[in-house]
Structures are given as C-alpha cells and as structure tokens.
Amino acid sequence: MLTKKGKYGLKALVHLSGLPAGQLAFVNDIAIANNIPKKFLDAILGELRNAGFVQSRKGKEGGYRLARPASEIRIGHVVRVLDGPLAPIPCASRTQYQRCEDCDEATCQVRHMMLEVRQAIAEVLDNRSLAAMRDADNDDFPVELTSRI
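Residues numbered from 1 in each chain as written. Predicted model: local features only at pLDDT ≥ 70, side-chain atom pairs only at ≥ 80, totals over all residues. Heavy atoms only, no water.

Unusually for a residue other than glycine, asparagine 35 sits at a positive phi of about 55°. Examined against the element boundaries, asparagine 35 turns out to sit in the loop between α2 (27-34) and α3 (38-50). (Helix = DSSP H or I, 4+ residues; strand = E, 2+ residues; numbered from the N terminus.)

Here is the structure:
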C-alpha cells in the first residue's frame, strides 16, 4: 500500500510539475496547496532532492523545482525511492528479495499470485510519467474499477 510519505511526495511532484519551467515553489506553498504537513513535506522533499527528482535553492528567493522534465520522471521510481519495493511481500520483490522461511517458493501459490500482482503494479507505475499523471483526465478512470471503490 502506498504510504502517506509516497502519496505526499507524488502530490508535491505533481504540484512542481505544474509550474512554469525553472520557477521555484516554497515548501509552505506546496504544503498548503496540497494539505500536507510542512515538517513532513520538508523531509520528503529532502529525499526527493537526494534522489535527483528535485532541486532546491536556499534563501529569500529559494524554493524547490523539478530537476528534470516531468516527462522523464517515472512514477514507479518515485514510489520505490519513498516507499521501497513495489512487491506486496518480500519473496516477490525484485529489488529487495527475501526468502520466506515458512514455505516452498517453487510451489507456494501465495508467492506466485504476489509475483503477478507486483508485475501488474510495476507495469502501470513504470510506464507512467509524472507529466502523464499531472495531465490525466480524472474522468477517464475505467468504469469497471470505479464500481469497486
């Protein structure tokens, strides 16, 4: 499940991607516009900066901006940086695999299903850019999914 850290990080990146190229945004403005606790957002933006997604400048004229075009930032990469592996269980992870102690991985139906789940999640998130997320029409959400929420 996406944590608040992941959700807030994505919201902040979408906010920054909506600014004119090169324009900086103050942390407080991002926090207020997206209903994110400022102190938590400070920490998240620090992680996003360390991962190369955003740049910052200190001082009166300071703030944050994207480090590269929104079309080059993949949502899957952002989620992995902020929340870790996409796999719902450790034995289905590609980046932080951990063997299960309580089952035979070759025959475990739970693991096989979770490998499929992990692949489906990665397929969506790794093929969606920040620009596509920002520009998506919320009215094009698949009907079969809206009836389940």
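Between the first and last C-alpha of helix α5 (residues 109-125) there are 25 Å, a value that for 17 residues agrees with the 24 Å anticipated at 1.5 Å per step. Within the sequence span of α5, burial applies to Arg111, Arg118 and Ala122. Buried residues in α5, looked at end-on, bunch into an arc of 30°, giving them a common side. Within α5, the exposed residues directed more than 90 degrees away from the buried face are Gln109 and Glu116. (Expected span 1.5 Å × (residues − 1). Buried < 20%, exposed > 50% of the residue type's maximum accessible area, 1.4 Å probe, protein only. Arc of directions from axis to C-beta.)

This part is about the packing of aromatic side chains. Using the criterion set out here, one finds one aromatic pair in the structure. Ring centres of tyrosine 8 and phenylalanine 40 lie 5.7 Å apart, and the angle between their planes is 80°; on these two criteria the pair is classed as edge-to-face. In this pair, tyrosine 8 is assigned in helix α1 (residues 4-17) and phenylalanine 40 in helix α3, connecting sequence segments 32 residues apart. A relative accessible area of 11% places tyrosine 8 in the buried class. Judged by its relative accessible area of 32%, phenylalanine 40 is partly exposed. (Phe/Tyr/Trp six-rings, centres within 6.5 Å; stacked < 30°, edge-to-face > 60°.)

In this section: the pairing of strand β1 (residues 54-57). One face of the sheet, then the other: side chains in a regular strand alternate in exactly this way. One ladder, built from four bridges, connects β1 with strand β2 (residues 63-66); its direction is antiparallel. The residue bridging serine 56 from the neighbouring strand is tyrosine 64, located in β2. (Pairing = 2+ DSSP bridges.)

Using the criterion set out here, one finds one cavity of 30 Å³ or more in the structure. Size it by volume and the largest cavity reaches roughly 30 Å³. If you trace the largest cavity, you find it lined by Arg80, Pro85, Leu86, Ala87, Ser93, Arg94, Thr95 and Arg118. Residue classes in the lining of the largest cavity are distributed as three nonpolar, two polar and three charged. (1 Å grid on protein atoms, 1.4 Å probe; cavity = no way out; pocket = protein on both sides within 12 Å on 5 of 7 lines; lining within 4 Å. Points joined across faces, edges and corners; volume = space filled by probe spheres on them. Nonpolar A, V, L, I, M, F, W, Y, C, P; charged D, E, K, R; others polar.)

Quick look at the nonpolar core now. The biggest cluster of nonpolar side chains holds 28 residues, and the ones touching the most others in it are Leu13, Leu41, Leu45, Leu48, Val54, Leu66 and Val78. Listed by contribution, the elements that provide at least two residues to this core are α1, α2, α3, β2, α4 (75-83) and α6 (130-135). Among the elements that make up this core, the one with the highest residue count is α1 (five residues). Each residue touching valine 54, except ones within four places of it in the same chain, is listed here: Leu13, Leu16, Leu45, Leu48, Arg49, Tyr64, Arg65, Leu66 and Ala67. (Core = buried A, V, L, I, M, F, W, Y, C linked by side-chain atoms within 4.5 Å. Contact = heavy atoms within 4.5 Å.)

Let us now look at the confidence of the model for the protein. The predicted model of the protein has a mean per-residue pLDDT of 90, with 92% of residues at 70 or higher. When mean pLDDT is compared element by element in the protein, α1 scores highest at 98, while helix α7 (residues 143-146) scores lowest at 55. (pLDDT = per-residue confidence, 0-100.)

In an α-helix, one turn spans 3.6 residues, which is why side chains three or four residues apart end up on the same side. Here α3 is 13 residues long and its end C-alpha atoms lie 18 Å apart, about the 18 Å a rise of 1.5 Å per residue gives. Leu41, Ile44, Leu45, Gly46 and Leu48 are the residues of α3 that are buried. Count one or two residues on from α3 and you reach glycine 52, which has phi positive near 85°.

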